[in-house]
Amino acid sequence: MSVERVYLIDWLRVACKGSKFFIYLLVLTWLVYFILTSQLRARTRTAAILLFIGLPLVLAGISLDLLGEFFHLSTLLKRIVGELILANTGTFLVLYSMMLMIMELVQASCRYQREAESDPLTGLYNRRTFFASAESVLKEAREGKRSPMLAILDLDNMKKINDTWGHQYVWG
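Residues numbered from 1 in each chain as written. Predicted model: local features only at pLDDT ≥ 70, side-chain atom pairs only at ≥ 80, totals over all residues. Heavy atoms only, no water.

Visitor: What is the right way to read the environment of Ser97 from this model?
Guide: Mapping Ser97 onto the fold places it in helix H3 (residues 75-117). Ser97 sits in the buried class, given a relative accessible area of 0%. Sequence-wise, Ser97 and Arg45 are 52 residues apart; in three dimensions their C-alpha atoms are separated by 9.6 Å. (Helix = DSSP H or I, 4+ residues; strand = E, 2+ residues; numbered from the N terminus. Buried < 20%, exposed > 50% of the residue type's maximum accessible area, 1.4 Å probe, protein only.)

Visitor: Where do I start with the packing of aromatic side chains in this structure?
Guide: Each aromatic ring pair is summarised here by two numbers: the centre-to-centre distance and the angle between the ring planes. In total, this model carries one aromatic pair according to the counting rule given. Across the ring face of Tyr112, the terminal group of Arg111 is positioned such that the distance to the ring centre comes to 5.2 Å. (Phe/Tyr/Trp six-rings, centres within 6.5 Å; stacked < 30°, edge-to-face > 60°. Lys NZ or Arg CZ within 6 Å of the ring centre and 35° of its normal.)

Visitor: Hey, could you run me through the environment of Thr89 in this one?
Guide: Mapped onto the elements, Thr89 comes out in helix H3. Expressed as a C-alpha distance, the spacing of Thr89 and Gly54, which sit 35 residues apart in the sequence, is 7.1 Å. Other than its neighbours up to four places away in sequence, Thr89 contacts Leu57 and Leu84. (Contact = heavy atoms within 4.5 Å.)

Visitor: What should I look at first to understand the nonpolar core in this one?
Guide: Here is a general trend for soluble globular proteins: nonpolar side chains tend to be buried in one another's company. Leu28, Leu31, Ile35, Leu51, Ile62, Val94 and Met101 are the most contacted members of the largest nonpolar core, which has 18 residues in total. With seven residues, helix H2 (residues 44-70) is the largest single contributor of residues to this core. Sequence-distant contacts of Leu31, that is, excluding residues within four places in its chain, are made with Leu51, Val94, Met98 and Met101. (Core = buried A, V, L, I, M, F, W, Y, C linked by side-chain atoms within 4.5 Å.)

Visitor: For this particular structure, what's the right way to read H3?
Guide: Over its 43 residues, H3 runs 59 Å from end to end, which matches the ideal 63 Å to within 8%, given 1.5 Å per residue. Of all the bends in H3, the largest measures some 35° and sits at Val81. When we look at burial in H3, the residues that qualify are Lys78, Gly82, Ala87, Gly90, Thr91, Leu93, Val94, Ser97, Leu100, Met101, Glu104 and Ala108. (Expected span 1.5 Å × (residues − 1). Bend = angle between axes of the 7 residues up to and from the residue.)

Visitor: Honestly, helix H4 (residues 127-142) in this entry has me stumped. Any pointers?
Guide: Helical geometry note: an α-helix holds 3.6 residues per turn, so side chains three or four residues apart project in the same direction. Here H4 contains 16 residues, and its C-alpha end-to-end distance of 22 Å stays within 8% of the 22 Å for a straight helix at 1.5 Å per residue. In the stretch just after H4, Gly144 is the one whose phi turns positive, near 85°.

Written as C-alpha cells, this is what we have:
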C-alpha cells in the first residue's frame, strides 16, 4: 500500500496501532523501572526474565503489524505472525510477569501488616490490634449479636523476672 493510496480509515488504523505501540512501550518501561528499583526479590527475578522475553515479542509483533499497513506484507506475516503470535505471546508474558509482581507485593503487604499488628517476641497481638478487635466486639455486643468477655492476667514481679533473665527467657 503506497502512502498516496492510504485512506482515512487506514490512517485511523495506523494511528490506533501506533498508539498501542507507545502504550505498550510506556507500560513496559514502568515495569522495568519497578523491577530495577524493587526491594522484593522472590518472584521479581522470574518476572524480570519473563518481561525481558515478552518485551521484544510485543514490540516486534506490533512493529510488524504496523509496518504491514505501509508496505505490502502478506496477511499471514502481518496479522497472524505479527499480531496474533508475537504480540499476544508477548502480552501474555508481560501480564504474567505483572501478576507475579502483584503477588509479591500482596505477600509483602500482608507480612508488613502482620509485623505491625503483633509483638515480634511473643507473636501476640499488640495494643493497637487489641483495641481494634475490642471495638468490633463491643459494636456487635451493642447490636445484640455477641456477649463479650474479657480476661485480664496480671503476673506479679514480672519486671523483676524480665530484669534478671531478660525478655526472651523461656519458662521451662
